[in-house]
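Survey of secondary and tertiary structure
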Amino acid sequence: MKLRYGAVILFLALTSYAQSAPDSRAPIAGFSSERQAQQRQLESKFDSLMNRDNLRQWMKRLSARPHHVGSPYGRENAQFIRSLFQSWGYKTEIKEYRVLFPTPKQRVLEMLEPTSFAARLQEPPLNEDSTSGQTGEQLPVYNAYSIDGDVTAPLVYVNYGVPRDYDELEQRGIDVKGKIVIARYGASWRGIKPKVAAEHGAIGCIIYSDPRDDGYFQGDVYPKGAYRNDSGAQRGSVADMPVYSGDPLTPFVAATENAKRLALKDTPTLTKIPVLPVSYGDALPLLKALEGPVAPAEWRGALPITYHIGPGPARVRLKVEFNWDLKPAYDVIASLPGNELPDQWIIRGNHHDAWVNGAEDPVSGLVALLEEARAIGELARSGWKPRRTIIYAAWDAEEPGLLGSTEWVEDHAEVLKEKAAVYINSDSNGRGFLNVGGSHTLEKFVNEVARDVVDPEKKVSVLERALARRATSRDPETRAEPAESRELRIGALGSGSDYTPFLQHLGIASLNIGYGGEDGGGVYHSIYDSFDHYTRFVDPTFEYGIALAETGGRLVLRLAGADVLPFEFSRFADTVGRYVREVVKLADDMRSETEQLNRKIREKTLELVADPTQTFVVPKPKSAVPFVNFAPLQNAVARLRQSVQSYARAMDASAGKNFSPDRRKELDQVLMKAEQALITSEGLPRRPWYVHQIYAPGFYTGYGVKTLPGVREAIEQRLWQEAETQIARTARAIEAFSTDVDRAAALLR
């Protein structure tokens, strides 16, 4: 057997951890020493209740038919999920909202010159996939929230269609104004591509899946292998979610029956140009017909052509027209009341809607949540009661733009600000490594839970396996972490799933959890995301579904049962300090790069003056980067470190003390609301729905996070006065957080 270098490193790392099974004597944050043994016994009983057959059975049932927003089977699934929760002893309701969900009436993509070609725009049924032939119920291939349009123009290839790609086009003297662009999926969320194209004057946008990123370049295609075939296409929303998530017609308010709605023409999150996704089979003739400059090496995909940029001679027509209907979204909400602190809520969610059958996205995460909830219901029936209230949510309408969760959060915003302690999210799940993102005040807590869950394949803790993976990471910063570090660094959250309204709109501490990394495939948002595909290629034995249930279950059980909520602040202070160093370096690097660029422009200009026959394009010079005063941020971080150190000393000194229930409750209130100190009433520039000053989806990345977003994006966009304003605003939020940490320390004393 021939192993690649990375595989050898991972094997050796895991071998060195082989004796490191979960330690039953390790401490559990938030629990007194007397209660820790009791908690471990509870978790052991919880683990014994896990049943993989339930996950398989529920996945087959829930993914048996297409169940997009407003579909008959979507409603049946919501009712089925409600019946499960009710049978397990939860008080359960279906909360209905009316949301904008367009579906296509017409879709046309044809090449008129230099030859004729009509795109198929459909995925054929496969004999090997038993649900792929349900054509009467499937949503066709399209992008939701594209505007209606009928445009004809020359075609230009724009790589991934992100801002840096248009910088490359500008340097080559290529203008997309009045053109239709074709971009490949990847490098950003899909909604960024038409947004940036429209800003540069394009009149239409085609998005395709290139086989280098999503197809035969990675492995055998479906049904022989797991990867996207030449007919598979990625549906998806292209709403401008970095402006706000949820129903496009009702920002800031719930989409109830009688809600005041924006007129369609006034809705800011719809695209400005028509958009359509296609398979790489449909994209190939279009790209093959392009001429003009050969694309840069990093722009070239894996299609059997020479990649040219254009414009033309390919001339295409793109026409899309939609039914702009309101559809019902059905959120299933189940609760198990706390017996001591019923007004402190631990909320756990996963969505249930899909673009088509959705076995992996989202049913793989949902069935793990259901098994977790079933086992906790069994514990409650046997006599155990949670100290805090547990709420399980199966959200609808996540796929078009987090509609179900956002509308519920907007509907209950005031009570959530008072009662929600933590929100825990999952989405898709597969075979491999634990992945966690979220509030860094929960990083220590996550590490303790990961330490106590056993990886089903390697039989070490999922923490140890995640740590071993660092040796093969492509991220230089991850590889640079000390080898002796025994902590998993969790990622910051941008957007892309249902944690967004909780964390970034209300400031509720949140986590996003899931397994993956050894479950490669290419059926995302296609008709082939099916039970047949999942059970062949993703997690055939549902072992990692059980791992997710055990992970989510421990998070919920510990948060619901702890004497004091297990927030910890030193990792947050370290992380924010790193973010501040990053934005300082960003400004310094931009200053240096601008000086170098302008020097080259001056040199090229002199060359052109000396020899006017030369044909190269001289780009426009950029304005100099001024001095930016980061002192308010640096001072705020220094104060935060002092507050955190004071809290840590107070925590150590309080060990063994028996605080009164009222004192513990008061401390909980400070801890659970500390994250809300990081939000501001003004929100972020040009998108006030996002109010968190530490984490936000990037304005030009979408799902990808921007940390210290107000400051970082002002610098990136060269808005220097705004950068100064955002530095002061973010510093005040960090100082307010420090004040809450001081209050918590005082209560411990």
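Coordinates for the structure precede this section.
A tally of regular secondary structure across the protein gives 22 helices and 18 strands. With respect to the three principal axes, the spread of C-alpha positions in the protein is 85 × 65 × 65 Å. The buried share among the 749 residues of the protein stands at 59%. Across the protein, contacts joining residues at least 24 apart in sequence account for 81% of those joining residues at least 6 apart. Total accessible area on the protein is roughly 28,900 Å²; 50% of this is exposed by carbon and sulfur atoms. If the 92 positive side-chain charges of the protein are averaged to one point and the 97 negative ones to another, these points end up 1 Å apart.

Between helix H9 (residues 359-381) and helix H16 (residues 531-538), the shortest axis-to-axis distance is 10 Å and the interhelical angle comes to 70°. Of the possible angle classes, the one that applies to H9 and H16 is roughly perpendicular. Of H16, the residues touching H9 (which contributes Ala-359, Glu-360 and Ser-364) are Phe-531, Tyr-534 and Val-538.

Let us look at H9. The terminal C-alpha atoms of H9 lie 31 Å apart, and with 23 residues this matches the ideal 33 Å at 1.5 Å per residue to within 8%. For H9, the buried fraction is high: 21 of the 23 residues fall into the buried class. Looking at the residues trailing H9, positive phi occurs at Gly-383, about 120°.

Before going further, it helps to spend a moment on the packing of aromatic side chains. All told, the structure shown has 26 aromatic pairs when counted by the stated rule. Consider the rings of Tyr-142 and Trp-355, whose centres lie 6.0 Å apart with planes at 85°: the pair is edge-to-face. With a gap of 213 residues between them, Tyr-142 in the loop between strand S3 (117-118) and strand S4 (143-144) and Trp-355 in the loop between strand S12 (341-351) and H9 connect regions that are remote in the sequence. Assessed through its relative accessible area of 2%, Trp-355 is described here as buried. Between Tyr-222 and Phe-537 the ring centres are 6.3 Å apart and the planes differ by 75°, which places this aromatic pair in the edge-to-face class. Of this pair, Tyr-222 sits in the loop between helix H7 (211-214) and strand S8 (236-237) while Phe-537 is found in helix H16, placing the two residues 315 residues apart along the sequence. There is no split in this pair, since Tyr-222 and Phe-537 are both buried. Ring pairs connect the aromatic residues Trp-58, Phe-85, Trp-88, Tyr-90 and Tyr-392, which therefore count as one cluster. The ring centre of Tyr-700 lies 5.2 Å from the NZ or CZ of Lys-195, which sits over that ring.

Another aspect to go through is the pattern of salt bridges. This structure, assessed with the given rule, holds 47 salt bridges. As a salt-bridge pair, Arg-317 and Glu-110 come within 3.4 Å of each other at their nearest N and O atoms. Placement of the pair is Arg-317 in strand S10 (residues 315-323) and Glu-110 in strand S2 (residues 103-113), with a sequence separation of 207 residues. Judged by its relative accessible area of 23%, Arg-317 is partly exposed. One salt bridge in this structure joins Glu-682 and Arg-729, with 4.0 Å as the shortest N-O distance. Here Arg-729 lies in helix H22 (residues 720-748) and Glu-682 lies in the loop between helix H20 (661-673) and strand S17 (695-697), a separation of 47 residues in the sequence.

By the secondary structure assignment, Arg-451 is in helix H12 (residues 443-451). The exposure class of Arg-451 is buried, given its relative accessible area of 17%. In terms of polar contacts, Arg-451 uses its side chain to reach the backbone carbonyl oxygen of Pro-27, at 2.9 Å.

Quick notes on the rules
Residues numbered from 1 in each chain as written. Predicted model: local features only at pLDDT ≥ 70, side-chain atom pairs only at ≥ 80, totals over all residues. Heavy atoms only, no water. Helix = DSSP H or I, 4+ residues; strand = E, 2+ residues; numbered from the N terminus. Buried < 20%, exposed > 50% of the residue type's maximum accessible area, 1.4 Å probe, protein only. Contact = heavy atoms within 4.5 Å. Areas by Shrake-Rupley, 256 points an atom, 1.4 Å probe, with all protein chains shown as cover. Lys, Arg positive; Asp, Glu negative; His and termini not counted. Charge placed at Lys NZ, Arg CZ, Asp CG, Glu CD. Axes fitted to C-alpha atoms, helices over the stretch in contact; angles between N-to-C directions. Parallel < 35°, antiparallel > 145°, perpendicular 65-115°, else oblique. Expected span 1.5 Å × (residues − 1). Phe/Tyr/Trp six-rings, centres within 6.5 Å; stacked < 30°, edge-to-face > 60°. Lys NZ or Arg CZ within 6 Å of the ring centre and 35° of its normal. Salt bridge = Lys/Arg side-chain N within 4 Å of Asp/Glu carboxyl O. Polar contact = N/O pair within 3.5 Å; in protein donor to acceptor, adjacent residues only side chain to side chain.

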